Amino acid sequence: MSSPSISVCGLGYVGLSTAVCFASRGFKVIGVDVDEQKVKLINSGQPLIYEPSLRELLAEPIEKGLLSCTLDYKHAISESRTTFITVGTPAGSDGSIDLRNVEDSSRQIGRALRDQREWHLVVVRSTVTPGTTSQLVKPIIETTSGKKCGVDWGLCMNPEFLREGSAVKDTFKPDRIVIGEHDRTSGDRLENLYRQFYGEQQPPILRMSPVNAEFVKYANNAFLAMKVSYINMIANLCQKISGADILQVAKAIGLDKRIGPLFLEAGLGYGGSCFPKDLKALLDFAKKKGIDAPLIESTIRINESQPLKALEMAEQILVDLEDKRIAVLGLAFKPNTDDLREAVSIRLINALLEKRAKVVAYDPIATDNARRILGDKVLFASSALDCIDGADSCIVVTEWDEFRKLRPEDFERMRNPVVIDGRRIFDPQEFKRVVRFEAIGLGATSMSPSE
Ligand code: UGA
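Being a predicted model, the structure only gives us computed values, none of them experimental.

Novice: Is there a simple way to think about the overall build of the chain in this case?
Specialist: Counting its regular elements, the chain contains 18 helices and 14 strands. In terms of overall size, the chain behaves like a compact globule, its C-alpha atoms giving a radius of gyration of 24 Å where 451 residues would be expected to give roughly 22 Å. Projected onto its principal axes, the C-alpha positions of the chain cover 75 × 45 × 45 Å. When burial is assessed residue by residue, the chain has 54% of its 451 residues classed as buried.

Structure follows, in structure tokens:
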């Protein structure tokens with residue numbers, strides 16, 4: 001059986017990873033985006049975003065003609081049988097979801113379908129609030145195409161659970177596939193497509209209504225974010241208990257099968273393009289339905305104050321931050337990405353600047369993006385050692401592997417060797433022997449088990 005052809009509208013990290021992974025398994029893929037520069041770069045083999053193994057995987061399908069990108073929806077739709085919508089759904093200024101990209105994309109797809117003779121499947125993969133697929137995407141496409149959903153074309157909602165920094169890995173090995181189907185034929189088509197893609201390594205497939213699939217995504221992200229805020233709240237408490245250490249507490253509670261070990265890493269809070277906006281959108285959605293969502297509210301509230309914990313620790317030691325040189329290690333919202341959206345680093349740096357501190361920052365790959373946001377308000381170092389050289393305090397903001405390799409002696413080049421571990425990457429016992437060491441979730445006088 002020849003591999004089917006798909007089109008993917010919106011080439012952000014979800015769209016591009018989806019497109020590249022399908023193409024790398026022999027599917028013919030056409031990517032569509034409204035950004036001409038992006039289309040050109042991808043066609044020349046440059047992914048534009050940093051995502052591990054994406055660049056390497058992109059080269060072969062482009063060369064073989066299996067993957068190409070265009071600005072032209074008509075071309076993409078006529079050359080494919082299934083179209084994924086993967087455009088961004090940012091938060092509006094009041095936190096509510098901004099669906100304009102989804103509307104535009106649906107309109108373009110509808111127009112392209114007008115002249116299409118064959119049955120076509122449209123799959124909403126963007127994160128959208130419950131009801132969007134049936135109440136927005138479906139009527140827009142029906143109106144613009146003049147064709148009936150469930151008869152002339154099919155519709156599914158298929159949320160993605162890809163993490164930035166491991167989007168390729170997550171695409172090849174997802175925990176499950178959720179298919180929200182408008183009608184059985186649409187669901188069958190999408191399930192078959194995934195069966196062809198995964199072959200023997202078929203993950204569990206769950207089929208449901210579009211509205212449930214839409215809600216799975218929000219409930220999933222909100223639960224994960226809540227886990228992070230929960231462990232951060234416990235970590236903040238640990239800091240007030242002499243001898244307490246969040247690492248030991250988190251490890252033990254994580255072994256309870258009902259809780260699980262993942263997403264219990266205490267730190268300076270969550271960032272990125274998903275959790276912050278999805279939680280705000282869910283809260284706004286709940287409010288509009290007249291439902292209180294105090295767990296979501298608290299999750300957001302804890303997260304908003306969490307980056308400032310590092311500043312408080314620095315202030316406690318240095319008393320006044322004015323003119324103090326503060327080294328910030330890590331800018332990306334998490335390791336293995338150059339993404340700075342809602343990054344904790346930006347919030348922390350702005351707060352440090354308000355205290356008139358002099359900030360010098362280093363990140364292995366996100367510096368160029370940070371320069372665009374922070375301009376010359378911050379000095380950018382070319383290495384971790386350069387960054388901490390002569391500093392009065394150093395704050396670990398992103399847990400890059402590169403920083404884990406630093407030894408306590410490396411920090412002796414600081415003017416005032418104060419290390420604040422915002423991501424718990426260093427061994428307190430080892431560091432405390434050489435530098436003044438503070439860390440998230442570490443009680444004031446943390447003792448070793450034998451003490
Ligand atoms: C998240 C979800 O994990 C994906 O399943 C989902 O598909 C994606 O959002 C999305 O909605 O598209 P992502 O934002 O890429 O993925 O990154 P995560 O790995 O989930 O991390 C989010 C934030 O939480 C990061 O800032 C990370 O540092 C922080 N985090 C995570 C912690 O502070 N502690 C933890 O234990 C785990």
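More follows now that the structure is in view.
Novice: Hey, could you run me through empty space enclosed by the protein in this one?
Specialist: In the structure shown here, the tally under the stated rule is 1 cavity of 30 Å³ or more. Quantified by volume, the largest cavity comes out at close to 30 Å³. Top element by residues in the lining of the largest cavity is helix H11 (residues 275-288). It accounts for 3 residues. Among the residues forming the lining of the largest cavity, the class breakdown is 5 nonpolar, 3 polar and 2 charged. Of the residues that make up the lining of the largest cavity, three or more belong to each of domain 1 (5-208) and domain 2 (242-439).

Novice: Can you help me understand the pattern of salt bridges in this one?
Specialist: Should their charged atoms come close, side chains of opposite charge can pair. All chains considered together, the criterion is met by 28 salt bridges. Put simply, Lys 217 and Glu 160 hold a salt bridge, and the shortest N to O gap is 2.9 Å. A residue pair is termed long-range when its members are at least 10 positions apart, and Lys 217 in helix H9 (residues 210-238) and Glu 160 in the loop between strand E6 (153-157) and helix H7 (167-172) qualify at 57 residues. The salt bridge involving Glu 399 is made with Arg 423; its shortest N-O contact spans 3.8 Å. On the criterion of sequence distance, the pair formed by Glu 399 in the loop between strand E12 (393-396) and helix H17 (401-404) and Arg 423 in the loop between strand E13 (418-421) and helix H18 (428-432) is long-range, its members being 24 residues apart. An identical accessibility class is assigned to Glu 399 and Arg 423; each is buried. One network of salt bridges, in which partners are shared, links Glu 181, Asp 188, Glu 191, Arg 195 and Arg 207.

Novice: Could you clarify how one ought to interpret the sheet that holds strand E9 (residues 325-329) in this entry?
Specialist: Think of a sheet as strands paired side by side through backbone hydrogen bonds, with each pair either parallel or antiparallel. If you walk across this open sheet you meet the 6 strands as E11-E10-E9-E12-E13-E14, and the pairing is parallel. One side of each edge strand has no neighbouring strand; the edge strands of this open sheet are strand E11 (379-380) and strand E14 (436-439). Pairing geometry for E9 and E12, over 4 bridges, is parallel. Counterpart to Val 328 in the pairing with E12 is Ile 395. In the packing of helix H13 (residues 308-318) onto the sheet, the strands contacted are E9, E12, E13 and E14, and the crossing angle to E13 comes to about 160 degrees.

Novice: In this structure, what is going on with the sheet that holds strand E1 (residues 5-9)? I would like to understand it.
Specialist: Taken in spatial order, the 8 strands of this open sheet run E3-E2-E1-E4-E5-E6-E7-E8, and their pairing is mixed. Only two strands of the sheet have a single neighbouring strand rather than two, namely strand E3 (67-70) and strand E8 (205-208). Each strand of the sheet is rotated relative to its neighbour by a mean of 25 degrees, with strand direction disregarded. In the sheet, E1 pairs with strand E2 (residues 28-32) via 5 bridges, with the strands oriented parallel. Paired with Ser 7 across the strands is Ile 30, a residue of E2.

Novice: Would you take a moment to explain the domain arrangement of the chain for this structure?
Specialist: Interface size is often expressed as the accessible area that is lost when the parts come together. What the domain assignment reports for the chain is domain 1 (5-208) and domain 2 (242-439). In this complex, domain 1 contributes 15 residues to the contact, which on the side of domain 2 involves 17 residues. Between domain 1 and domain 2 the total buried area reaches about 1,200 Å² when both faces are included, carbon and sulfur atoms providing 57% of it. Of all residues in domain 1, Tyr 50, Gly 95 and Glu 164 give up the largest surface area on contact with domain 2, accounting jointly for 42% of the area buried on that side. Here domain 1 and domain 2 share 1 salt bridge between them. Arg 341 serves as the salt-bridge partner of Glu 164, at 3.7 Å between the closest nitrogen and oxygen.

Novice: When you look at the environment of Gly 271 in this model, what are you seeing that I'm missing?
Specialist: Take Gly 271: it is sitting in the loop between helix H10 (246-254) and H11. Separated by 46 residues in the primary sequence, Gly 271 and Ala 225 place their C-alpha atoms 9.6 Å from one another. When near neighbours in sequence (up to four residues on either side) are disregarded, Gly 271 contacts Pro 276, Phe 333, Arg 341 and Glu 342.

Novice: Which parts of the structure should I look at to understand the packing of H9 against helix H12 (residues 294-305)?
Specialist: A pair of packed helices can be characterised by two numbers: the angle between their axes and the separation between those axes. Contact geometry for H9 and H12: axes closest at 9 Å, N-to-C directions at 55 degrees. Our classification of the angle between H9 and H12 gives oblique. In this structure, H9 meets H12 at a crossing whose hand is left-handed. Residues Ala 222, Ala 225, Met 226, Ser 229, Asn 232 and Met 233 of H9 lie in contact with H12, whose contacting residues are Leu 295, Ile 296, Thr 299, Ile 302 and Asn 303. Its residues placed into classes, the contact of H9 with H12 shows 7 nonpolar, 4 polar and no charged.

Novice: Help me out: how do you make sense of the packing of aromatic side chains in this one?
Specialist: Between two aromatic rings, the relevant description is the distance of the centres plus the angle of the planes. Counted under the stated rule, the structure contains 15 aromatic pairs. Taking 4.4 Å as the distance between ring centres and 35 degrees as the angle between the ring planes, the aromatic pair formed by Phe 22 and Phe 197 counts as tilted. A residue pair is termed long-range when its members are at least 10 positions apart, and Phe 22 in helix H1 (residues 13-24) and Phe 197 in helix H8 (residues 184-198) qualify at 175 residues. Each residue in the set Phe 22, Phe 27, Phe 84, Phe 172, Tyr 194, Phe 197 and Tyr 198 is aromatic and connected to the rest through ring pairs, giving one cluster. A cation over a ring is seen here: Arg 25 above Phe 197, with NZ or CZ 4.7 Å from the ring centre. The lysine or arginine in question, Arg 176, covers the ring of Phe 161, its NZ or CZ lying 3.7 Å from the ring centre.

Reading the values: the criteria
- Residues numbered from 1 in each chain as written.
- Predicted model: local features only at pLDDT ≥ 70, side-chain atom pairs only at ≥ 80, totals over all residues.
- Heavy atoms only, no water.
- Helix = DSSP H or I, 4+ residues; strand = E, 2+ residues; numbered from the N terminus.
- Rg over C-alpha atoms; globule rule 2.2 N^0.38 Å.
- Buried < 20%, exposed > 50% of the residue type's maximum accessible area, 1.4 Å probe, protein only.
- 1 Å grid on protein atoms, 1.4 Å probe; cavity = no way out; pocket = protein on both sides within 12 Å on 5 of 7 lines; lining within 4 Å.
- Points joined across faces, edges and corners; volume = space filled by probe spheres on them.
- Nonpolar A, V, L, I, M, F, W, Y, C, P; charged D, E, K, R; others polar.
- Domains from an automatic or database assignment.
- Salt bridge = Lys/Arg side-chain N within 4 Å of Asp/Glu carboxyl O.
- Pairing = 2+ DSSP bridges.
- Contact = heavy atoms within 4.5 Å.
- Axes fitted to C-alpha atoms, helices over the stretch in contact; angles between N-to-C directions.
- Buried area = accessible area lost by both parts, 1.4 Å probe.
- Parallel < 35°, antiparallel > 145°, perpendicular 65-115°, else oblique.
- Left-handed = near helix turned anticlockwise from the far one by under 90°.
- Phe/Tyr/Trp six-rings, centres within 6.5 Å; stacked < 30°, edge-to-face > 60°.
- Lys NZ or Arg CZ within 6 Å of the ring centre and 35° of its normal.

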